[in-house]
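Each chain, letter by letter, is given below.
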Amino acid sequence: MTGSDFVSPDELRARFCAALSAMYRSEVPLYGDLVELVDDLIPDRLKVERHGAIRLGKPDELAMIARLFGLFGMQPVGYYDLSPSGVPVHSTAFRPVNAESLAINPFRVFTSLLLPELLEPELRAEVESVLAERDIFHPRVREIVAKAEAEGGVRPQDAEELVQKALETFKWHDTALVTRETYDKMHAAHPLVADIAAFRGPHINHLTPRVLDIDAAQTGMSARGITPKTIIEGPPKRECEILLRQTSFQALTEPITFPPSSGAGTPASAEMRRSISGSHRARFGEIEQRGCALTRKGHAMYVKLMSTVPAAMDNEAHQQNLAKAFASFPDTYRGMFDDGLAYFEYDLVSAPPKPLPLPELVASGHVALEPVTYEDFLPASAAGIFQSNLDERDRSRSPSPNRGSASKTAFEKILPVKLHDSFELYERIQEKSLRELENALGFAV
Ligand code: OOG
Ligand code: NI
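Summarised in this report is the structure supplied together with it. Computed from a predicted structure; not experimentally measured. (Residues numbered from 1 in each chain as written. Chains lettered and ligands numbered in written order. Predicted model: local features only at pLDDT ≥ 70, side-chain atom pairs only at ≥ 80, totals over all residues. Heavy atoms only, no water.)

## Side note on the overall build of the protein chain
Stated precisely, the cut-off is as follows: Working definition: helices are DSSP H or I runs of at least four residues, strands are E runs of at least two. Numbering for both runs from the N terminus. Restricting the calculation to C-alpha atoms gives the radius of gyration, and the globule rule supplies 2.2 Å times the number of residues raised to the power 0.38. Burial status follows relative accessibility: with a 1.4 Å probe on protein chains alone, a residue under 20% of its type maximum counts as buried, one over 50% as exposed, and anything between as partly exposed. Residue contacts follow a heavy-atom distance rule, with two residues in contact if any of their heavy atoms lie within 4.5 Å. Per-residue and other accessible areas were derived by the Shrake-Rupley procedure at a 1.4 Å probe size, with only the shown protein chains allowed to occlude residues. By the counting scheme adopted, Arg and Lys are positive, Glu and Asp are negative, and His together with the chain ends is not counted. Positions of charges follow a simple convention, taking NZ of Lys, CZ of Arg, CG of Asp or CD of Glu.
Within the protein chain, the regular secondary structure consists of 19 helices and 11 strands. Its C-alpha atoms give the protein chain a radius of gyration of 23 Å, within 12% of the compact-globule value 22 Å for 445 residues. Counting only C-alpha atoms, the protein chain reaches 95 × 60 × 45 Å along its principal axes. Put simply, the protein chain has 445 residues, and 53% of those count as buried. A separation of at least 24 residues holds for 75% of the contacts in the protein chain among residues at least 6 apart in sequence. Of the accessible surface of the protein chain, which amounts to about 19,300 Å², a share of 54% is contributed by carbon and sulfur atoms. Side-chain charges in the protein chain split into 49 positive and 62 negative, and the spacing between the mean points of these groups amounts to 2 Å.

Here you go:
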């Protein structure tokens, strides 16, 4: 059996992304409106979503998702603990890790896992027993994944079924798994607990196309009657964009039904046997704009500068505050290169008359800098996206203390594959480019 007997992970990812997008547009028409707006604004947008997000309930679900996404060429990259921001989950992003695969289809899934240890013991036990009962995967997904792992890939005859049955996991369920009472208890602890544990599966909660001008998109959303969240998350608008800027429309209030409360043992009245209607907020639409990836030093500077930005009530004021705070962050690729703040690939423009070190080759224009795009997420921005969909009361919940590296170690243990460090991936890209440059020049820089 050779590699060509299998459907490539890149193709499977593209098919999965297209299928998920079609499903979400039909489930959430307002998301379709957002995509139309984005398409109007950016005619040359690569017409594929850049990311989506799900929230899982238990370790087994994360382990199985990692195996499924692994077949789609998506590896876990980065660890984000959102609990210090008052959101009871920790997360990773499943994404392609090499440049070729990112170019074919960059789709990634921000995947969160509930931290039940942050719940009161009684509620925790209830949540864990609900989660223990559910299986979010279609039995055929489990079978095809096991077969593909044993054989070394997904066979053509299994590909469509795998994509279609995998979609089942991400579908919306308009009937809760638990009674209204239980839902309310979960919701009171944190709305996300209800979102994660009260349903049969981890409905995809948003998809995110990419834009080239997020400020125009933010304004365009209001003009089209799509209410955006108050502020654009992330760094300010710059000549040389860095990291990730994001905005979204707020989660819709959607009708759901609760099963009748069981009158355990007692003859239930007709009233008690009737299902109960309610509503739930989870699903929204987001857009993102990506700039260049920062080194550890650049990232640390980003975090430090962000911590000086005061909370603002509107986006315009917030953007001004950001611009002020970032005045000291160089806004040219040369400046970022000189200070070691960002990752680059190097293009040979013309051969120098004699061997020179890299900084001089760049300064003399013999080598041009090509910024490496940031492919990951920002924990504070992610928390801001989560929180924009919570009520004021829920936003002011006390944050959990930072649990340091213990929770990362626990998260890594659940994953059946290695958790990649995003800095290492960017370093590898930069290093490869450096080697190629040296080969082209014929000397070491
Ligand atoms: C995930 C929020 C984080 C992003 O783009 O930062 C995220 C969620 O709401 O489940 O998707
Ligand atoms: Ni997102």
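## Structural notes on the side chain of His420
Topologically, His420 is positioned in the loop between helix 18 (406-414) and helix 19 (422-441). If sequence neighbours within four positions are ignored, His420 has contacts with Gln75, Pro76, Val77, Gly78, Val97 and Leu425.

## A short note on the coordination of the nickel ion (ligand 2)
Note the threshold: Sites may look incomplete because water is not among the atoms; the donors themselves are N, O and S atoms within 2.8 Å of the metal, or within 3.2 Å for Na, K and Ca.
Summarising the metal site, the nickel ion (ligand 2) is bound by the protein donors His51 (NE2), His206 (NE2) and Glu286 (OE), whose distances to it range over 2.0 to 2.1 Å. For the nickel ion (ligand 2), all donor residues lie on one chain, and their spacing in sequence is H-x154-H-x79-E. Taken together, the residues His51 in strand 1 (residues 51-56) and His206 in strand 5 (residues 206-208) connect sequence positions 155 residues apart. Classification of His51 as buried rests on a relative accessible area of 1%. The exposure class assigned to His206 is buried, which follows from its relative accessible area of 6%.

## Re the site of ligand 1
How we decide: Here, proximity means that at least one heavy atom of the residue falls within 4 Å of the molecule or strand. The term polar contact refers here to a pair of N or O atoms within 3.5 Å; inside protein, the definition further demands a hydrogen-donor-capable atom paired with an acceptor-capable atom, and it admits residues adjacent in sequence only when both atoms are side-chain atoms. Only Asp, Glu, Lys and Arg are considered charged in this grouping, and only Ala, Val, Leu, Ile, Met, Phe, Trp, Tyr, Cys and Pro are considered nonpolar; every other residue, Gly among them, is considered polar.
Taken together, His51, Ala53, Arg55, Phe110, Asn205, His206, Gln246, Phe284, Glu286, Phe377, Ala382 and Phe386 make up all the residues around ligand 1. Here an oxygen atom of ligand 1 and a side-chain polar atom of Arg55 are 2.7 Å apart. Expressed as a share of its isolated accessible area of 320 Å², the protein-covered part of ligand 1 is 100%. Going through the elements one at a time, strand 1 and helix 16 (379-388) are the ones with two or more residues in the shell around ligand 1. Here the element with the most residues in the shell around ligand 1 is strand 1; it accounts for three residues. Per-class residue counts for the shell around ligand 1 are six nonpolar, four polar and two charged.

## Remarks on the environment of Glu143
Within the element layout of this structure, Glu143 appears in helix 6 (residues 139-151). For Glu143, the side chain forms a polar contact with the side chain of Arg140, separated by 2.6 Å.

## Some details on the side chain of Thr208
Note that Thr208 resides in strand 5. Assessed through its relative accessible area of 0%, Thr208 is described here as buried. If near-sequence neighbours (up to four positions away) are discounted, Thr208 is found in contact with Tyr31, Glu49, Arg50, His51, Glu286, Ile287 and Glu288.

## Re the pattern of salt bridges
Pairs can form between side chains of opposite charge once their charged atoms are near each other. For clarity, the threshold we go by: Salt bridges, as used here, are contacts in which a Lys or Arg side-chain nitrogen is within 4 Å of a carboxyl oxygen on Asp or Glu.
Enumeration according to the criterion identifies 29 salt bridges in this entry. When the shortest N-O distance is used, the salt bridge between Arg180 and Asp184 registers 3.4 Å. Remark: Asp184 and Arg180 occur in helix 8 (residues 180-189); sequence separation between them is four residues, near one turn of the helix. On the basis of relative accessibility, which here comes to 30%, the residue Arg180 falls in the partly exposed class. Residue classification places Asp184 among the partly exposed residues on the basis of a relative accessible area of 35%.

## A few points about unusual backbone geometry
Phi is mostly negative for residues that are not glycine, and the peptide bonds are mostly trans. Located in the positive-phi region is Leu243, a residue other than glycine, with phi close to 50°. Inspection of the secondary structure assignment puts Leu243 in the loop between helix 10 (214-223) and strand 6 (244-249).

## What about the packing of helix 3 (residues 59-71) against helix 6?
Basically, it comes down to this: Simply put, an axis is a line fit to the C-alpha atoms, just over the touching stretch for a helix, and the angle between two N-to-C directions goes from 0 to 180 degrees. Under this scheme an angle from 65 to 115 degrees is roughly perpendicular, one under 35 degrees roughly parallel, and one over 145 degrees roughly antiparallel; angles in between are oblique. Handedness of a helix crossing follows the sense of rotation of the near helix relative to the far helix, less than a right angle counterclockwise being left-handed and clockwise being right-handed.
With their axes 10 Å apart at the nearest point, helix 3 and helix 6 run at an angle of 60° to one another. Judged by the inter-axis angle, helix 3 sits oblique to helix 6. The handedness of the crossing between helix 3 and helix 6 comes out as left-handed. Contact with helix 3, carried on its side by Met64, Arg67, Leu68 and Leu71, involves Val141, Arg142, Val145, Ala146, Ala148 and Glu149 of helix 6 and no other residues of that element.

## A look at the packing of aromatic side chains
Centre-to-centre distance and the angle between the planes together describe a pair of aromatic rings. Counted only if it meets this: A pair of Phe, Tyr and Trp rings is counted when the ring centres sit within 6.5 Å of each other, with Trp represented by its six-membered ring. The angle between the planes then sorts it: under 30 degrees is stacked, over 60 is edge-to-face, the rest tilted.
One pass over the structure, following the stated rule, counts 21 aromatic pairs. Here the aromatic rings of Tyr302 and Phe326 are separated by 5.8 Å at their centres, their planes lie at 50°, and the arrangement is tilted. With Tyr302 in helix 12 (residues 296-306) and Phe326 in the loop between helix 13 (315-325) and helix 14 (333-338), this residue pair connects regions lying 24 residues apart in the sequence. Each member of the pair Tyr302 and Phe326 is classed as buried. Both rings, one in Tyr343 and one in Tyr426, keep their centres 5.7 Å apart while their planes meet at 25°; by these two values the pair is stacked. Here the residue Tyr343 occupies a position in the loop between helix 14 and strand 10 (344-348), and Tyr426 occupies one in helix 19, the gap between them amounting to 83 residues. With relative accessibility at 2%, the residue Tyr343 sits in the buried group. According to the relative accessible area criterion, Tyr426 is buried, its value standing at 2%. Here the aromatic residues Phe16, Phe69, Phe72, Phe94, Phe107 and Phe170 are joined through ring pairs into a cluster of three or more.

## Details of the packing of helix 1 (residues 9-27) against helix 7 (residues 156-170)
Contact pair helix 1 / helix 7: the axes reach a minimum separation of 10 Å and the direction vectors enclose 45°. Taken as axis vectors, helix 1 and helix 7 run oblique relative to one another. Considering the relative orientation of helix 1 and helix 7, their crossing is right-handed. Mapping the contact onto sequence places Leu12, Arg15, Phe16, Ala19, Leu20 and Met23 in helix 1 and Ala159, Glu160, Val163, Ala166, Leu167 and Phe170 in helix 7. Its residues placed into classes, the contact of helix 1 with helix 7 shows 10 nonpolar, no polar and two charged.

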